[in-house]
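# Structural characterization, general
Single-letter residue listing:
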Amino acid sequence: MNEQTFMKLMRVLPKSAVSSAVGLATRLPAPAPVHHWAMRTFAKAYNVDMEEAEHSFEKYPTFAQFFTRGLKPGLRPVDAGEKVVVSPVDGRVSQVGYSDNGRCLQAKGIEYTVDELLGDSQAAKPFHGGAWTTVYLSPRDYHRIHSPLGGTITGYAYIPGEFWPVNPASVKNKQSLFCVNERLVTYLDTVAGKVAVVKVGATCVSRIKASYEDITTHVGQPGKVHSYSAGIPVEKGGELGRFEMGSTVILCFEPGRVRWDDSMQPEAVVRMGTRIGVIT
């Protein structure tokens, strides 16, 4: 299927309904052989490395728990360098740069603004001109999201939206894709100043869970913005949340605070806890 045909299909597909149905199916109780068959079939189709998983297939009672699986202890050591920024996820860099007057690059010829991404011009203002990067998590990847720096969680924003795919075809063709889809934004206060960790939903990503509070997004849920009076401590590499099915994470930093490593280029593979930049 070529990209234009794919996009036409996506325009008419009831993406929210499909995402809700898929999400429900992954969480429903079913005979163990059914779940294990689904897990093994998925792992084979997407070349999932089960040697990294903390458990074998038999230990996961539902497909959703398999998909949000943890890793074996010590498998992703976090770079402890005082000025080192680490990758929050396993994935592949889609785009990376420094926002020009609050504008970020989605794909060749397509830009979006930090204001659109965060859904709040006041919340976005500190990030105008700062470093940003977009990292895509494929179905085979580890799907938990971690903090790129140590500090405190100052608040979050749940922004309801659509459920467009975030695959390369959609990224290259759908205007402001990451600003249209559902998002859960976690705000941090770190040694590099303010940081926004944006978790973007997609087709079949029916839920995004936070780890620091009982927050689970789902289709039809109203938006919500919350600030913590004291903040919640989080260490570098500490878990912030997880995707139930794969998607995208976008990091935003204040201007002049972070410089990307030369290795941060489109299509570069990153692993959670490894160095991706430095505090300037």
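Note that the structure is predicted; figures quoted are calculated from it, not measured. (Residues numbered from 1 in each chain as written. Predicted model: local features only at pLDDT ≥ 70, side-chain atom pairs only at ≥ 80, totals over all residues. Heavy atoms only, no water.)

Quick look at the sheet that holds strand 10 (residues 207-210) now. Strand order in this open sheet of three strands is 6-12-10, and the pairing throughout is antiparallel. Each having just a single partner strand, strand 6 (144-146) and strand 10 make up the two edges of the open sheet. The mean inter-strand angle of the sheet, taken between neighbouring strand axes irrespective of direction, is 20°. The pairing of strand 10 with strand 12 (residues 239-244) spans four bridges and is antiparallel. Of the residues in strand 12, the one forming a bridge with A210 is G241. (Pairing = 2+ DSSP bridges. Helix = DSSP H or I, 4+ residues; strand = E, 2+ residues; numbered from the N terminus. Axes fitted to C-alpha atoms, helices over the stretch in contact; angles between N-to-C directions.)

Look at the UniProt record and you will see "modified residue: Pyruvic acid (Ser)" (unreviewed entry) annotated at S247. If you trace the backbone, S247 turns up in the loop between strand 12 and strand 13 (248-253). (UniProt positions renumbered as here; feature names shortened; annotations may be inferred.)

Moving on, we get to the sheet that holds strand 14 (residues 258-260). Taken in spatial order, the three strands of this open sheet run 1-16-14, and their pairing is antiparallel. Of all the strands in the sheet, just strand 1 (84-86) and strand 14 have a single pairing partner and so form its edges. The sheet shows a mean angle of 35° between the axes of neighbouring strands, taken without regard to direction. In terms of strand pairing, strand 1 meets strand 16 (residues 275-279) through three bridges, oriented antiparallel. Within strand 16, the residue paired with V84 across the bridge is V278.

Of all six residues in strand 5 (residues 131-136), five are buried; the element is thus mostly enclosed. Here strand 2 (residues 91-98) pairs with strand 5 via six bridges, running antiparallel. Of the residues in strand 5, the one forming a bridge with G97 is W132. (Buried < 20%, exposed > 50% of the residue type's maximum accessible area, 1.4 Å probe, protein only.)

Turning our attention to the environment of Y60. Mapped onto the elements of the fold, Y60 is located in the loop between helix 3 (32-46) and helix 4 (63-67). In the structure, Y60 is positioned 25 residues away from H35 in sequence and 8.4 Å away in space, judged by C-alpha atoms. Aside from chain neighbours lying at most four places away, what touches Y60 is H36, M39, M50, A53, E54, H55, Q65, F66, R69 and G70. (Contact = heavy atoms within 4.5 Å.)

This part covers the nonpolar core. The biggest cluster of nonpolar side chains holds 35 residues, and the ones touching the most others in it are V197, Y212 and F253. Not counting the four nearest positions on each side in its chain, F253 is found in contact with V85, F127, G130, A131, P148, L149, K194, V195, V258 and W260. Core analysis: the next-biggest nonpolar cluster, separate from the first, contains 22 residues, Y112, L118, W132 and A157 among them. (Core = buried A, V, L, I, M, F, W, Y, C linked by side-chain atoms within 4.5 Å.)

Mapped onto the present numbering, the UniProt feature "active site" (unreviewed entry) falls on D90, H146 and S247. These annotated residues cover 158 residues of sequence, and their C-alpha atoms lie no more than 14.4 Å from one another, placing them together at a single site. You can call D90 buried: its relative accessible area is 2%. Contact partners of D90, with chain neighbours within four places excluded, come to R76, L137, D141, Y142, V270, R271 and M272. Here R76 takes part through its side chain, which lies 2.7 Å from a polar atom of the side chain of D90. The class of S247 is buried, set by a relative accessible area of 0%. (Polar contact = N/O pair within 3.5 Å; in protein donor to acceptor, adjacent residues only side chain to side chain.)

Relative to the elements of secondary structure, Y142 occurs in the loop between strand 5 and strand 6. According to the relative accessible area criterion, Y142 is buried, its value standing at 8%. Along the sequence, Y142 and A53 sit 89 residues apart, while their C-alpha atoms lie 8.7 Å from each other. Not counting the four nearest positions on each side in its chain, Y142 is found in contact with R69, G70, L71, D90 and L137. Reaching out from Y142, the side chain makes a polar contact with the side chain of H146 at a distance of 2.7 Å.

Scanning the entire structure with this criterion turns up eight salt bridges. For the salt bridge of R76 with D90, the shortest nitrogen-to-oxygen distance reads 2.7 Å. Of this pair, R76 sits in the loop between helix 4 and strand 1 while D90 sits in the loop between strand 1 and strand 2, and the two are 14 residues apart along the sequence. Judged by relative accessible area, R76 falls into the buried class, the value being 13%. Here R242 and E239 are joined by a salt bridge, their closest N and O atoms 2.7 Å apart. For E239, a relative accessible area of 26% translates into the label partly exposed. One network of salt bridges, with partners in common, ties together E54, R144, E239 and R242. (Salt bridge = Lys/Arg side-chain N within 4 Å of Asp/Glu carboxyl O.)

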